[in-house]
Number of protein chains: 2
Amino acid sequence: MSIITIERKILEKNDQIAAQNRENFKKKKIFVLNMVSSPGSGKTSILENTIGILKGKVNIAVIEGDVQTDLDAKRVDKYNVPVVQIVTNGACHLDAKLVQDALSSMALKETGILFIENVGNLVCPSGYDLGEDMKVSILSTAEGDDKPLKYPAMFRNSSVLIINKIDLLPYINCKIDELIKNALLINSSLKIFKTSCTTGEGINEWCNWLQEQIHNKS
Amino acid sequence: MSIITIERKILEKNDQIAAQNRENFKKKKIFVLNMVSSPGSGKTSILENTIGILKGKVNIAVIEGDVQTDLDAKRVDKYNVPVVQIVTNGACHLDAKLVQDALSSMALKETGILFIENVGNLVCPSGYDLGEDMKVSILSTAEGDDKPLKYPAMFRNSSVLIINKIDLLPYINCKIDELIKNALLINSSLKIFKTSCTTGEGINEWCNWLQEQIHNKS
């Protein structure tokens, strides 16, 4: 029982700092996406493709969250956008304080977009508000069509689902209609995109939609 | 500081119960594997293939751990082996107490093998001893060759790494030699198998090795 109380305290404290982050983002008119998924779903590849298309049209910044290494930050850094790496040293999710600390070392330009790439984990990051406008779940087709049912919290708490690696569908046992049906069973208001970072399919649709959201916020 | 203390207490309590589980397994001469991986790496498929080959040669039992649903237990149940489903209701890993409770409802036959399929999560289950003989990490090639570097604790704490979905290698950006090099950098004593549940490649090698381990324990 005491453990539950402490967990609640941790989450309450997190929510307070998340609210501060959200206020900060609102003032600066920055649209903030918390990118969540299992390891290896293609979060960083989606990010690289998105930055490639949106760069020059909108101010972009990135926070990379990883248990270890700065491999992802190095990938994003090639695109010459501001990027800060948070290494959690074993912790299984980002929290609002880590993001707040990262923000203090970033020169965020007004009216833009901030991508926060969370630790690869389909369970724990779902419970931690970072102050984002929305969570975006990425799910690789190779993970299978039953995942929304088996890990519902992440899909329930997301506004967008990107189904990535659709180029692999001919080679794997994943029925994409079943996947979409399962995702909508958990969260009927999910906005769904189908993408491949190998063929480029679906990336433009996702980027066009993103630009509309930024336009609506600014 | 108090949080760290409480985490330590939780882990100490877990280790005590894990030791009881281990003693129980030792008495009954049961070889116990804790199967850990990201969601969708193919843990259940590996398990189905393994049971298909080993059934009739050795007593098999299964504990399935999932955040939600009994989909995996239903898949395993078709093989007519004793299976208990633990639904963690949001918790991101199994712990020794959950396994102990599951064991109390199982009629474990002596001299056999128990597979514990953990929650799909490449971070949190690495820290929780369940009383197993060894952790077996499963990694899908579709997750990419950098994962051992980015999620080192799981690979450091495992005795075996099964690299699954090798049939997808022609279609994806994953260099298997690089993956193996990265895994051995983190843990040079890892026993590595390369498998595909679609083609069946590597499953016999894995099962032969398993039978040797059971023989050595009994």
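Residues numbered from 1 in each chain as written. Chains lettered and ligands numbered in written order. Predicted model: local features only at pLDDT ≥ 70, side-chain atom pairs only at ≥ 80, totals over all residues. Heavy atoms only, no water.

Overview of helix α7 (residues 176–186) of chain A
Residue and element names in this part refer to chain A.
Right, on to step 1. Within α7, burial applies to Ile176, Leu179, Ile180, Asn182, Ala183 and Ile186. Viewed end-on, α7 has its buried residues packed into an arc of 160°, placing them on one side of the element. Seen from the buried face of α7, the exposed residues on the opposite side, beyond 90 degrees, are Asp177 and Leu185.
Right, on to step 2. Here the buried face of α7 lies against β5 (134–140), α5 (147–150), α6 (152–156), β6 (160–164) and β7 (191–194). (Buried < 20%, exposed > 50% of the residue type's maximum accessible area, 1.4 Å probe, protein only. Helix = DSSP H or I, 4+ residues; strand = E, 2+ residues; numbered from the N terminus. Arc of directions from axis to C-beta. Contact = heavy atoms within 4.5 Å.)

A word on the side chain of Ser137 of chain A
Residue and element names in this part refer to chain A.
Right, on to step 1. Tracing the sequence through the fold places Ser137 in strand β5.
Right, on to step 2. Overall, the relative accessible area of 1% leaves Ser137 in the buried class.
Right, on to step 3. Apart from the residues within four sequence positions on either side, Ser137 is in contact with Val36, Met154, Phe155, Ser158, Val160, Leu161 and Ile162.

Thoughts on the packing of aromatic side chains
What describes a pair of aromatic rings is the distance from one ring centre to the other and the angle between the planes of the rings.
Residues and elements named next belong to chain A.
Right, on to step 1. Using the criterion set out here, one finds seven aromatic pairs over all chains in the structure.
Right, on to step 2. Ring centres of Phe193 and Trp206 lie 5.7 Å apart, and the angle between their planes is 70°; this geometry places the pair in the edge-to-face category. Taken together, the positions of Phe193 in strand β7 and Trp206 in helix α8 (residues 203–217) put the pair 13 residues apart, joining distant regions of the chain. Residues Phe193 and Trp206 agree in their burial class; the two are buried. (Phe/Tyr/Trp six-rings, centres within 6.5 Å; stacked < 30°, edge-to-face > 60°.)

Structural notes on the packing of helix α2 (residues 43–54) of chain A against α8 of chain A
All names here are of chain A.
Right, on to step 1. Contact pair α2 / α8: the axes reach a minimum separation of 10 Å and the direction vectors enclose 65°. Remark: the crossing between α2 and α8 carries right-handed chirality. Contacts between α2 and α8 involve Ile46, Asn49, Thr50, Ile53 and Leu54 from the former and Ile203, Asn204, Trp206, Cys207, Leu210 and Gln211 from the latter. (Axes fitted to C-alpha atoms, helices over the stretch in contact; angles between N-to-C directions. Left-handed = near helix turned anticlockwise from the far one by under 90°.)

Quick look at the sheet that holds strand β4 (residues 112–117) of chain B
All names here are of chain B.
Right, on to step 1. Spatially, seven strands are ordered β3-β2-β4-β1-β5-β6-β7 in an open sheet, and the strand pairing comes out parallel. Here the strands that pair on one side only, and so sit at the sheet edges, are β3 (83–87) and β7 (191–194). This sheet shows a mean twist of 20° between the axes of neighbouring strands, independent of strand direction.
Right, on to step 2. The pairing of strand β6 (residues 160–164) with β7 spans four bridges and is classified as parallel. (Pairing = 2+ DSSP bridges.)

Side note on the sheet that holds strand β1 (residues 30–37) of chain A
Residue and element names in this part refer to chain A.
Right, on to step 1. Here seven strands make up an open sheet; going across it, the order is β3-β2-β4-β1-β5-β6-β7 and the pairing parallel. The sheet is open, and its two edges are formed by β3 (83–87) and β7, each paired on a single side. Between one strand axis and the next, the sheet turns by 20° as a mean value, whatever way the strands run.
Right, on to step 2. Across the sheet, α2 touches β1, β2 (59–66), β4 (112–117), β5 and β6, and the angle it forms with β2 is around 170°.
Right, on to step 3. Strands β5, β6 and β7 of the sheet are contacted by α7, whose axis makes an angle of about 160° with β6.

Focus on the relation of the copies chain B and chain A
Right, on to step 1. Here chain B sits on chain A after a turn of 180° about the axis and a move of 0.0 Å along it, with an RMSD of 0.0 Å. Within this description, the copies of the chain are treated as partners about a two-fold rotation axis.
Right, on to step 2. Most of the interface of chain B is mirrored in chain A: 100% of its interface residues are interface residues there too. (Least-squares fit on C-alpha atoms with pLDDT ≥ 70 in both.)

What about the interface of chain B and chain A?
Right, on to step 1. Across the contact, 33 residues belong to chain B and 34 residues belong to chain A.
Right, on to step 2. Carbon and sulfur atoms make up 67% of the area that chain B and chain A hide from each other, which totals about 2,600 Å².
Right, on to step 3. Considering only the side of chain B, the residues that lose the most area to chain A are Pro39, Lys150 and Tyr171 of chain B, jointly responsible for 23% of the buried surface there.
Right, on to step 4. The tally of links from chain B across to chain A stands at four salt bridges.
Right, on to step 5. Across the salt bridge formed by Asp66 of chain B and Lys150 of chain A, the nearest N and O atoms sit 3.6 Å from each other.
Right, on to step 6. Seen at the junction of chain B and chain A, the total is seven residue pairs in polar contact (both at pLDDT 80 or more).
Right, on to step 7. Listing elements by their share of the side of chain B that touches chain A, those giving two or more residues are α1 (2–27), α3 (71–77) and α5 (147–150) of chain B. (Buried area = accessible area lost by both parts, 1.4 Å probe. Salt bridge = Lys/Arg side-chain N within 4 Å of Asp/Glu carboxyl O. Polar contact = N/O pair within 3.5 Å; in protein donor to acceptor, adjacent residues only side chain to side chain.)

Observations regarding the nonpolar core
Right, on to step 1. Residues Phe155 and Leu161 of chain A together with Leu161 of chain B are the most contacted members of the largest nonpolar core, which totals 47 residues.
Right, on to step 2. Residue assignment for this core shows that the elements contributing at least two residues are α6, β6 and α7 of chain A together with α6 (152–156), β6 and α7 (176–186) of chain B.
Right, on to step 3. Beyond its immediate sequence surroundings of up to four residues, Leu161 of chain B is in contact with Ser137, Leu139, Phe155, Leu179, Ala183, Leu190, Lys191, Ile192 and Phe193 of chain B. (Core = buried A, V, L, I, M, F, W, Y, C linked by side-chain atoms within 4.5 Å.)

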